[in-house]
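An overview of the molecular structure
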Amino acid sequence: MVSARLLPLLLSRSLATSITSATSRPSPGSPMASERNKSPIGDVLDGYLPSGSDERTSLLEFSSGNASHALYLEKRFRSRGLDWKPTELTQGLVNAIERRVKKEGDAGNGIQTPMLVDLTQDLPSILSHGSFHLVLSVNMIHIAPWAAVQGLFKAAGCALVPSGVMLTYGPYGFNGTIEPESNVAFDTSLRSLGDWGIRQVSDLEAEAEDNGLWLEKVVDMPANNKVLVWRKN
Ligand SMILES: C[S@@+](CC[C@H](N)C(=O)[O-])C[C@H]1O[C@@H](n2cnc3c(N)ncnc32)[C@H](O)[C@@H]1O
């Protein structure tokens, strides 16, 4: 089992290498993966943002990693009035996000102070008042323990406004199978590391239902990934 304390280190170093070589996918969480997927993820997010900026849209991102998505997407959609709240699992990762946003973020941008959130623990109360229009989670569901996945759906159920939307990006299994073969190999390498692995969408739907969400749409993405669109009742 990979401990929460070791996870960030593993992700940034040896794990990145081993997963990449085992599957010939860019390692999830590596700069290469987030640089490649940020634009297609933005194309999906586009459809869930208002066309103008009369009202601010609040987005809560879980497991923001190195803040690549926050920096790119907040800038891309700045004219649409987006307030982006990054979060991460450890204080070290939160501090690193804060440093990167300060260094690379344009003055006056909509990225808010990042927050410490461990999805296996209770959600900080400030995030649990049903005030976010959108929740985003990229490449976390298969590379975190199942308890964190359960925590993600619980958190989305609490944090979203009624009819709010959560977008989750990554590889998924459908109808008890994983396809194609490269994703099967990826799943095997993840499972060798602990309570990780490509999740079946039916298992995610059960968690969603328990937390007042439902799967509205599945969007095909490059490299055998999907965006799942979860709507709060
Ligand atoms: C593969 S990285 C993805 C990072 C980023 N979203 C990206 O796409 O670059 C997986 C992320 O899951 C996060 N994670 C793992 N367990 C978690 C937990 N219990 N609570 C919150 N985040 C967790 C890690 O800190 C890491 O940032």
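Every value quoted in this text rests on a predicted model; they were computed, and no experiment measured them.

1. So, unusual backbone geometry
That bond from Glu179 to Pro180 is cis: its omega, -10°, falls within 30 degrees of zero. Examined against the element boundaries, Pro180 turns out to sit in the loop between β5 (160-170) and α7 (181-191). A positive phi is found at Ala67, a non-glycine position, where the angle reads about 70°. For Ala67, the position within the fold is in the loop between β1 (57-62) and α4 (68-76). Overall, Ala67 belongs to the buried group, with 25 C-beta atoms counted inside 10 Å.

2. Observations concerning the pairing of strand β6 (residues 213-221)
Across eight bridges, β6 lies against strand β7 (residues 225-232) in antiparallel orientation. Residue pairing for β7: Asp220 is matched across the bridge by Lys226. The loop that links β6 with its antiparallel partner β7 comprises three residues; one of these, Ala223, has a positive phi angle of about 60°.

3. Brief notes about the pairing of β5
Counting buried positions along β5 yields eight of eleven residues, so the element is predominantly enclosed. Each parallel crossover has a hand, and the one from strand β4 (residues 132-138) via helix α6 (residues 146-159) to β5 is right-handed. Looking at chain direction, β5 and β7 are connected through six bridges and run antiparallel. Its bridge partner lying in β7, Tyr169 is registered against Val227.

4. Some points on the environment of Asn224
Structurally, Asn224 can be placed in the loop between β6 and β7. For Asn224, a count of 16 C-beta atoms within 10 Å gives the class partly exposed. For the pair Asn224 and Ser182, spaced 42 residues apart in sequence, the C-alpha to C-alpha distance is 8.8 Å.

5. Some remarks on the sheet that holds strand β2 (residues 82-88)
Strands sit in the order β3-β2-β1-β4-β5-β7-β6 across an open sheet of seven strands; the sheet is mixed. At either end of the open sheet lies a strand with only one pairing partner, and these are β3 (115-116) and β6. Its contacts with the sheet put helix α5 (residues 91-104) on β2 and β3, and the angle it makes with β2 is roughly 145°. Along the sheet face, α6 touches β1, β4, β5, β6 and β7 and points at about 165° away from the line of β4.

6. As for the environment of Thr168
The residue Thr168 is located in strand β5 in this model. The exposure class of Thr168 is buried, given the 26 C-beta atoms found within 10 Å. Distance from Thr168 to Ile41, taken between C-alpha atoms, is 9.6 Å for residues 127 residues apart in sequence.

7. Quick word on the confidence of the model for the protein
Across the protein, the average pLDDT comes to 89, with 86% of residues at 70 or higher. Across residues 12-24, confidence stays below pLDDT 50; counting only partners more than four residues off in sequence or on other chains, it has 17 contacts.

8. A word on helix α8 (residues 201-210)
Of the positions making up α8, those classed as buried are Leu204, Glu207 and Ala208. Buried positions in α8, seen along its axis, are confined to an arc of 100° and lie on one side of it. Residues of α8 that are exposed and point over 90 degrees away from its buried face: Ser202, Ala206 and Asp210. Check the buried side of α8 and you find it contacts α6, β6 and β7. Two residues or fewer after α8 comes Gly212, characterised by a positive phi angle close to 75°.

Cut-offs and rules
- Residues numbered from 1 in each chain as written.
- Predicted model: local features only at pLDDT ≥ 70, side-chain atom pairs only at ≥ 80, totals over all residues.
- Helix = DSSP H or I, 4+ residues; strand = E, 2+ residues; numbered from the N terminus.
- Buried ≥ 20, exposed ≤ 12 C-beta atoms within 10 Å, placed from the backbone.
- Pairing = 2+ DSSP bridges.
- Right-handed = clockwise from strand over helix to strand, strands pointing away.
- Contact = placed C-beta atoms within 7 Å.
- Axes fitted to C-alpha atoms, helices over the stretch in contact; angles between N-to-C directions.
- pLDDT = per-residue confidence, 0-100.
- Arc of directions from axis to C-beta.

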